[in-house]
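Chains, contacts and geometry: an overview
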Amino acid sequence: SINDVVLMGWTIDVLNNYIKNHPDFLSSRKEASEKMLRMYFIKQAEPFSDLPPKNIEKLAGEIQEIHIEKGTILFRKGDDADKCYLICSGSVEIYSMKDDGSEKIIGTLKPWRLLGESVLHTTGKRYS
């Protein structure tokens, strides 16, 4: 059902004048939109899907979006366990090093998966 709605409106000229006289307006809207998008991404992934919105908002304010080029190695076994990653787009292949030095693909992770999450419950070095 539709409820009664009260709206306030202004002409495009009034809005354009406001933006011209308040240059920080657009940047603050952009920041708010980006944070809301990060909150959405976080909410899609386990173990965060059941977190209250307040906690997700806090996480969204603390994470950094990074773009990784194809072929980049994020971490290796034995590296410091200091970051985990939430895959928002693309895919990440997980490799295992064989005894002969060759690599074997053991899995592919796609969006909304957490990668390197061992840092959430341990400190020290990566074990896989």
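A residue-level look at the protein finds 92% of positions with pLDDT of 70 or above and a mean pLDDT of 84. For the protein, per-element mean pLDDT is lowest for strand 4 (residues 114–115), which scores 82, and highest for strand 3 (residues 103–109), which scores 90.

By convention here, two paired aromatic rings are described through the distance between centres and the angle between planes. Tallied over the full model, the rule gives 5 aromatic pairs. When the centroid spacing of 6.5 Å and the interplanar angle of 10° are considered together, the rings of phenylalanine 75 and tyrosine 85 count as stacked. With phenylalanine 75 in the loop between helix 3 (53–62) and strand 1 (85–86) and tyrosine 85 in strand 1, this residue pair connects regions lying 10 residues apart in the sequence. Across this residue pair, the class does not change: phenylalanine 75 and tyrosine 85 are buried. Chaining the aromatic ring pairs together yields one cluster made of Tyr40, Phe41 and Trp112.

Criteria and thresholds
- Residues numbered from 1 in each chain as written.
- Predicted model: local features only at pLDDT ≥ 70, side-chain atom pairs only at ≥ 80, totals over all residues.
- Heavy atoms only, no water.
- pLDDT = per-residue confidence, 0-100.
- Helix = DSSP H or I, 4+ residues; strand = E, 2+ residues; numbered from the N terminus.
- Phe/Tyr/Trp six-rings, centres within 6.5 Å; stacked < 30°, edge-to-face > 60°.
- Buried < 20%, exposed > 50% of the residue type's maximum accessible area, 1.4 Å probe, protein only.

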